[in-house]
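# Chain and residue survey
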Amino acid sequence: MPTDTADIAIIGGGIAGLVAASAIAKHVSSRIRVHVFEQSRQASFGESTGGAIGLYANGLAVLRDIDNELLETVCSHGLPYANRRWRRHDGTEIAIGDETLLVPRNDDDGSFDPRLQPLGIRRWRFLSALLDHTKKHANIKVHFEKRIAQDGIQTVTETDGSSSIQIHKLKFKDGTEFTARLVLGADGVKSQVRAFLFPETKQPEYTGVTTLMAVARIPPTTDPSEPEPLSRGIHFISSRTSKFHACMYPLPNDEINVQIYIPTPENPETWGKLDADEMKAEAETMVAKLRADGWNETFVQPWLNPDSVIRVGLRAREPLENWSKGGTMVLLGDAAHPPVPYIGQGAMQAIEDAGVLALLIKHLCPVKSTGKDTDGPLDWDLSQFETVTRLYEQIRVERCTQVLKSSHVLGEMNQRRADSWFYNLQYEWSIWMQVLAGGNLPIMLKGVYYSYAEEVDKAIAGAGSDNIAV
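The present account deals with the structure reproduced in this document. The structure presented is a predicted model; accordingly, all values stated were derived computationally and were not measured.

### Points about the overall build of the protein chain
- Within the protein chain, the secondary structure is distributed over 12 helices and 18 strands.
- On C-alpha atoms alone, the protein chain measures out to a radius of gyration of 23 Å, which is about the 23 Å that the 2.2 N^0.38 rule sets for 470 residues.
- Counting only C-alpha atoms and orienting by the principal axes, one finds that the protein chain spans roughly 80 × 55 × 40 Å.
- Within the protein chain, the fraction of its 470 residues that count as buried is 56%.

What follows is the structure, encoded as structure tokens:
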């Protein structure tokens, strides 16, 4: 079978990979041939994909800088959080935070871009918007059902006169082969690119917490016998009777997303979307448990007839200290830093990775102008890519480490709140005081108050001006 060629091969067509493809086309050059290889079927990007996720200002700003139309499409498919609410399982309100405080303000007049307000969105709608945007660029090709074969990554050095370049040879299980000058590993927590670069690295380990994620459609009703509808906003609910905690938020189209975090010492045997029989059994068990433990019917309602239920065992490990070995292959997203969900920053960190990497390539490895010859050979010098990876790690490793630590801290506090009535009282008092003083939890600000573009500018300024395109 013949070998095809690409300038950039992105392994993994999830959030990180698709954002990286569009960011490169926008910031570096639309002439770069970017091939994205996703192992799942294209149909999996349909309505059955995943549950829902939250998007925050730091990630939304990357989408805005790629294309305002992309940002507006994403926003149109989501529902902004009106506020952030901490509640007990019986419905008692502890504190209400202002979500607009999680959007960076203009220093001059205090205004903010309302499109950057945190929002909830179905994962499949978000992925579909990202995939559709890549279709605007003729040189971005997204391939589905592409799994790297065993030992399917090889790197060779080719010499052309006095210079040498790395070429990466990729072989897929369907027998197809590609070569690429640059490989981005955006292939998730079980990354094959990471295994190739760092074979000694351990796989993420199960944390002892299993998440059940359900989405249900609950049309509005005026029937007084029905439970009170879930108010707009993101709700964090804890229960000492159940010994677990939950997160819920409404979505467009009368949908509700609910995530319940359950301490489960045994690693669940099956992960992923449950089939109809499994979903029915899991939902019935959950309804019985919640009612027996005195949960408010508003929180029980999504489990009465969910459209989908996903079971995920949370895995974690420390972020890698290096995301490349100095060549033209580099990691981003979950492949470099497995997420934990408690602060809503897992996908945002992947999006930041893509934005930072694209801007560094733009400045350090620019595509040279070829006048009107837009179809001619690409004049693209990657000799400074080692500097790209050095600055990329300088910017991203510490940033991701700090955000993930904050997420771990918040998750541990939520579980301790469910485990101990005494700690729960202390924690509720602390939340109430922090929200009263600042309008929201300060720990949330570490994630959202961040400008990826400013960090790139500072890193480049610190590196000096040699061989850097302005």
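### Re the sheet that holds strand β4 (residues 79-80)
- Taken in spatial order, the three strands line up as β3-β7-β4 in an open sheet, and their pairing is antiparallel. Only two strands of the sheet have a single neighbouring strand rather than two, namely β3 (52-55) and β4.

### Observations concerning the packing of helix α3 (residues 68-76) against helix α4 (residues 123-134)
- The contact between α3 and α4 brings their axes to 9 Å, and the two run at 155 degrees. As the angle between them shows, α3 and α4 are arranged roughly antiparallel. At the point where α3 passes α4, the crossing takes the right-handed sense. From α3, Leu-70, Thr-73 and Val-74 reach across to α4, where they touch Phe-126, Ala-129, Leu-130 and His-133.

### Examining the sheet that holds strand β16 (residues 272-273)
- Strand order in this open sheet of eight strands is β6-β5-β13-β14-β15-β12-β17-β16, and the pairing throughout is mixed. Only two strands of the sheet have a single partner each, and these edge strands are β6 (93-98) and β16.
- Alignment of strand β12 (residues 205-217) against strand β15 (residues 255-263), held across nine bridges, turns out to be antiparallel. Paired with Thr-210 across the two strands is Ile-262, which belongs to β15.
- Sheet contacts for helix α10 (residues 421-438): β5 (83-88) and β6; angle to β6, the most-contacted strand, approximately 30 degrees.

### Quick notes on the packing of helix α1 (residues 15-27) against α4
- One way to put it is that α1 packs onto α4 with a least axis distance of 9 Å and a crossing angle of 25 degrees. In terms of orientation, α1 and α4 fall into the roughly parallel class. Crossing of α1 over α4 shows left-handed handedness. Touching Ile-15, Leu-18, Val-19 and Ser-22 of α1 are Arg-123, Phe-126, Leu-127, Leu-130, Leu-131, His-133 and Thr-134, all from α4.
- Looking at the contact of α1 with α4 residue by residue, the classes come out as seven nonpolar, three polar and one charged.

### Describing the pairing of strand β17 (residues 308-316)
- Taken across its nine residues, β17 has seven buried, putting it largely inside the fold.
- Relative to β17, β16 runs antiparallel, the two being bridged by two bridges. Counted as the bridge partner of Gly-272 is Arg-311 from β17.

### Some details on the pattern of salt bridges
- Within this structure, the stated rule accounts for 22 salt bridges.
- For the salt bridge of Asp-307 with Arg-217, the shortest nitrogen-to-oxygen distance reads 3.4 Å. One end of the pair, Asp-307, is in the loop between α7 (297-300) and β17; the other, Arg-217, is in strand β12, with 90 residues separating them in the sequence.
- Judged by its relative accessible area of 39%, Asp-307 falls in the partly exposed class.
- Judged by its relative accessible area of 39%, Arg-217 falls in the partly exposed class.

### A short note on the pairing of β3
- Of the two faces of β3, the one carrying Ala-52 and Gly-54 and the one carrying Ile-53 and Leu-55 are both buried.
- Of the strand pairs in this sheet, β3 and strand β7 (residues 119-122) are connected by four bridges, and their pairing is antiparallel. Considered in β7, the bridge of Ala-52 is made with Arg-122.

### So, the packing of aromatic side chains
- By the definition in use, this model includes 10 aromatic pairs.
- Note on Tyr-56 and Tyr-81: the rings are 6.4 Å apart at their centroids and 65 degrees apart in plane angle, and the pair reads as edge-to-face. Placement of the pair is Tyr-56 in the loop between β3 and α2 (57-66) and Tyr-81 in the loop between β4 and β5, with a sequence separation of 25 residues. As far as burial versus exposure is concerned, Tyr-56 and Tyr-81 are alike and both buried.
- With a centroid separation of 5.4 Å and 75 degrees between ring planes, the pair formed by Trp-323 and Tyr-392 is classed as edge-to-face. You can see Trp-323 sitting in the loop between β17 and β18 (329-331) and its partner Tyr-392 sitting in helix α9 (residues 385-419), a full 69 residues away along the chain.
- The exposure class of Tyr-392 is buried, given its relative accessible area of 0%.
- Through a chain of ring-to-ring contacts, the aromatic side chains of Phe-37, Phe-172 and Phe-178 assemble into a single cluster.
- Over the aromatic face of Phe-172 sits the side chain of Lys-146, whose NZ or CZ is 5.7 Å from the ring centroid.
- The ring of Tyr-450 carries the charged tip of Arg-399 above its face, separated from the ring centre by 3.8 Å.

### Quick look at the side chain of His-337
- Secondary-structure assignment places His-337 in the loop between β18 and α8 (346-364).
- A distance of 2.5 Å separates polar atoms of two side chains, one belonging to His-337 and the other to Asp-353.
- Apart from the residues within four sequence positions on either side, His-337 is in contact with Pro-319, Trp-323, Gln-349, Ala-350, Asp-353, Cys-400 and Leu-404.

### Some remarks on the nonpolar core
- Judged by nonpolar contacts, the single largest core of 117 residues is most densely connected at Phe-126, Leu-184 and Leu-360.
- When residues of this core are assigned to their parent elements, the largest contribution, 12 residues, is made by α8.
- With near-sequence residues (within four places) excluded, Leu-184 lies in contact with Ile-8, Ala-9, Ile-10, Ile-11, Ala-20, Ile-24, Val-330, Leu-332 and Leu-357.

### Notes on a nonpolar patch on the surface
- A cluster of nonpolar side chains, contributed by Trp-429, Trp-432, Met-433 and Leu-436, occupies part of the molecular surface with about 460 Å² of accessible area.
- Following the sequence through the fold, Trp-432 ends up in helix α10.

### Brief notes about the environment of Lys-405
- Topologically, Lys-405 is positioned in helix α9.
- With a relative accessible area of 46%, Lys-405 lands in the partly exposed category.
- Expressed as a C-alpha distance, the spacing of Lys-405 and Val-435, which sit 30 residues apart in the sequence, is 21 Å.

Calculation criteria
- Once a new chain begins, its residue numbering starts again from 1 and follows that chain's sequence as written.
- For this predicted model, a pLDDT threshold of at least 70 governs which residues receive local features, and a threshold of 80 or more governs which side-chain atom pairs are given and counted, while totals over whole chains, interfaces and linings are taken from all residues.
- Where side-chain values are given, they derive from all heavy atoms of the structure, hydrogens and water being excluded.
- Put simply, DSSP marks the helices as runs of H or I at least four residues long and the strands as runs of E at least two long, and each gets a number from the N terminus on.
- Between the two quantities, the radius of gyration covers C-alpha atoms and the globule rule is 2.2 Å times the number of residues to the power 0.38.
- Burial status follows relative accessibility: with a 1.4 Å probe on protein chains alone, a residue under 20% of its type maximum counts as buried, one over 50% as exposed, and anything between as partly exposed.
- Should DSSP find at least two bridges between two strands, the strands are taken to pair.
- Orientation is described by axes fitted as lines to C-alpha atoms, over the contacting stretch for helices, and by angles from 0 to 180 degrees between their N-to-C directions.
- Each angle gets one of four labels, with under 35 degrees taken as roughly parallel, over 145 as roughly antiparallel, 65 to 115 as roughly perpendicular, and the rest as oblique.
- Handedness of each helix crossing follows the sense of rotation of the near helix against the far helix: counterclockwise by less than a right angle gives left-handed, clockwise gives right-handed.
- Only heavy atoms matter for contacts: two residues are in contact if any of them lie within 4.5 Å across the pair.
- Amino acids outside the nonpolar list (Ala, Val, Leu, Ile, Met, Phe, Trp, Tyr, Cys, Pro) and the charged list (Asp, Glu, Lys, Arg) are all regarded as polar, and Gly is one of them.
- Just to be clear on terms, a salt bridge is a Lys or Arg side-chain nitrogen sitting within 4 Å of an Asp or Glu carboxyl oxygen.
- Ring pairs shown here join Phe, Tyr and Trp side chains whose ring centres sit within 6.5 Å, with only the six-membered ring taken for Trp; geometry is labelled stacked below 30 degrees between planes, edge-to-face above 60, and tilted in between.
- In this analysis the charged atom, NZ for Lys or CZ for Arg, is taken to sit over a ring once it is within 6 Å of the ring centre and within 35 degrees of the ring normal.
- Between N or O atoms, a polar contact is any pair within 3.5 Å; within protein, one atom must be a potential hydrogen donor and the other a potential acceptor, and residues adjacent in sequence are included only when both atoms are from side chains.
- Throughout this description, the term nonpolar core refers to a set of buried Ala, Val, Leu, Ile, Met, Phe, Trp, Tyr and Cys residues connected via side-chain atoms within 4.5 Å.
- Like charges are joined within 9 Å and nonpolar side chains (Val, Leu, Ile, Met, Phe, Trp, Tyr) within 5 Å, but only among residues with over 30% relative accessible area and no salt bridge; these make up the patches.
- All accessibility values rest on the Shrake-Rupley procedure with a 1.4 Å probe; residue burial counts only the protein chains present in the view.

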